[in-house]
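Understanding the architecture of this molecule
The lines below spell out each chain.
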Amino acid sequence: MAEQRKKKIVRVETPEGQAAEAGSTATTTAAPTWTPTPEAKQKALRFRLIAGGLWLLAIAGEAFTIFWVLRQVPVVMWLLITLIVVIGALAIGGSLLWKQANRLDPASKEDKVRFFVQNQLGAIIAVIAFLPLIILIFTNKDMDGKQKALAGIIAIVIGGGAIALGVDYAPPSVEQYTEESNIVAQLTGEDLVYWTKSGKVFHVCEDVPDVNKESQDGQIYEGTVAEAHAAGKDRLVSYWEREAVNYCGYTQEQVDAVMADVDAPADEAPAEGDVPADEDATEETPAAE
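Below you will find a few notes about this structure. (Residues numbered from 1 in each chain as written. Predicted model: local features only at pLDDT ≥ 70, side-chain atom pairs only at ≥ 80, totals over all residues. Heavy atoms only, no water.)

Re the overall build of the chain
Scanning the chain for helices and strands turns up nine helices and five strands. With 289 residues in all, the chain has 46% of them scored as buried. Pairs at least 24 residues apart make up 78% of the contacts formed inside the chain by residues separated by at least 6 positions. Counting every atom, the chain has about 14500 Å² of accessible surface; 60% of that belongs to carbon and sulfur. (Helix = DSSP H or I, 4+ residues; strand = E, 2+ residues; numbered from the N terminus. Buried < 20%, exposed > 50% of the residue type's maximum accessible area, 1.4 Å probe, protein only. Contact = heavy atoms within 4.5 Å. Areas by Shrake-Rupley, 256 points an atom, 1.4 Å probe, with all protein chains shown as cover.)

In C-alpha cells form, the structure reads like this:
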C-alpha cells in the first residue's frame, strides 16, 4: 500500500463571504431545499449566455456552409473542412460552459422535460449543427466520391465528438444537492466537505484515505457541497457511511440516524473490501502500492 502523507487543506471560498451559505444552512438539522447563491446564479447565467452565443455561431456557420459553400461549383474543400472544424469547436465550447452552468444552478427532477432538455441541450445542439450538414455533404451532386468521403468522415468524427461531449452522463439536480447537503449537515453539523483536484467525488472529512493519497498539488480542498460541485466533483462518495465510521470518528448509530432521515439509495455502498472503480480510486498515486 502506498505510504500516505499529510496534505495541506485549502479552504475554497465563495465571493463576498457567501461560502457558508452556498446552497444550504450549516445546522445540525436537515437543510432546506437547496438553492444556489445569487453569485452562483449570476455566474451560471453568464456561462449560459456565452454558451448560447457560441451555439448561435455554430448554427450560423452550419447555415453558411449549407447555403453557400456546398452550392459552389466546384466546392472549395479547404473552406468546407475548416468550417466543419470551427462548427465543432463552437459546439463543444458551448457544451462545456453549459455543463458548468448546470453544476452551479441545476434543474429539478420534478419537471422531467425541462430536466432532460437543460442537461442534454449540448448534445441536442450538436445534432442540429451536424446532422443536416452530414446529410447534405453525402447527397451533394457537385462533389465526387473522394471529396464526399473525406468531408463526410471528418464531419462524422467531429460531430460525434461534439455530441458525446454534449451529453451529461451524470446530470446534477436540485434533489441531489439537497440530499447531499442534508447528509453532511446532519452528520457533521455543518455544510463542509473535502475533495482533491483530480478526484471525481467529495467526502465528509479530511482523514479518509482517498483524499490523503499522494497527488500532484499535495492539497485537500474543503468547502460546501455547492462549492464541491462547482469545482467539478460529481457527487458525495457513495460509501460515505463506511468512511464516516472508519475514518471520521462517527458511530454507526449516528450514521444510521442520518440514513433514517435521508432518502438515499441503499445499494450504492460497495461491499467491505471492494475498491470502487469510479470513485477516488482514480486519484493519482505512486506506481508502487
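Still more ground to cover, so stick around.
Some points on helix α3 (residues 112–138)
If you check α3, its first and last C-alpha atoms are 36 Å apart, about what 27 residues at 1.5 Å a residue would give, namely 39 Å. In the structure, α3 departs most strongly from a straight axis at Q120, where the bend amounts to approximately 65 degrees. (Expected span 1.5 Å × (residues − 1). Bend = angle between axes of the 7 residues up to and from the residue.)

Some details on the packing of aromatic side chains
One pass over the full model with this rule turns up three aromatic pairs. Aromatic pair W34 and Y177: ring centres 4.8 Å apart, planes at 90 degrees, arrangement edge-to-face. With W34 in the loop between β1 (8–11) and α1 (38–67) and Y177 in helix α5 (residues 174–188), this residue pair connects regions lying 143 residues apart in the sequence. With centroids separated by 5.3 Å and ring planes inclined at 45 degrees, the aromatic side chains of W55 and W98 adopt a geometry described as tilted. With W55 in helix α1 and W98 in helix α2 (residues 77–104), this pair connects stretches of sequence that are 43 residues apart. Sitting over the ring of W98, R48 keeps its end group 5.4 Å from the ring centre. (Phe/Tyr/Trp six-rings, centres within 6.5 Å; stacked < 30°, edge-to-face > 60°. Lys NZ or Arg CZ within 6 Å of the ring centre and 35° of its normal.)

Details of the state of the cysteines
Inspection of every chain in the model, using the stated rule, returns one disulfide. Between the sulfur atoms of C205 and its disulfide partner C248 the distance amounts to 2.0 Å. Judged by the torsion about the S-S bond (-75 degrees), the C205/C248 disulfide is left-handed. With a gap of 43 residues between them, C205 in the loop between β3 (201–202) and α6 (209–212) and C248 in the loop between α8 (240–246) and α9 (252–261) connect regions that are remote in the sequence. (Disulfide = S-S within 2.5 Å.)

Re the side chain of N119
Structurally, N119 can be placed in helix α3. Residue contacts for N119: discarding those within four places in its chain leaves N102, G166, D168, P171 and P172.

A short note on the pattern of salt bridges
Inspection of every chain in the model, using the stated rule, returns four salt bridges. R48 is paired through a salt bridge with D105; the nearest N and O atoms lie 3.5 Å apart. Remark: D105 occurs in the loop between α2 and α3 and R48 occurs in helix α1; sequence separation between them is 57 residues. Among the ionic pairs, R103 bridges to D234, the shortest N-O distance being 3.1 Å. Of this pair, R103 sits in helix α2 while D234 sits in the loop between α7 (225–230) and β5 (235–236); the two residues are 131 residues apart in sequence, bridging distant segments of the chain. Among the charged side chains, a salt-bridge network with shared partners connects K41, R48 and D105. (Salt bridge = Lys/Arg side-chain N within 4 Å of Asp/Glu carboxyl O.)

A look at the environment of A164
For A164, the position within the fold is in helix α4 (residues 145–166). Spatially, the C-alpha atom of A164 lies 9.0 Å from that of A126, the residues being 38 residues apart in sequence.

Examining the environment of Q147
On the secondary structure map, Q147 appears in helix α4. The spatial distance from the C-alpha of Q147 to the C-alpha of M77 is 7.6 Å, given a sequence separation of 70 residues. Once residues lying within four places of it in the same chain are set aside, the contact partners of Q147 are M77, D142 and G152.

Focus on the environment of T37
Tracing the chain through its elements places T37 in the loop between β1 and α1. Remark: the alpha-carbon pair of T37 and A226, spanning 189 residues in sequence, is separated by 9.1 Å.

Points about unusual backbone geometry
Looking along the chain, the bond that leaves V73 and enters P74 is cis, with omega of 0 degrees. Here P74 shows up in the loop between α1 and α2.

Keep in mind these numbers describe shape, not what the thing actually does.
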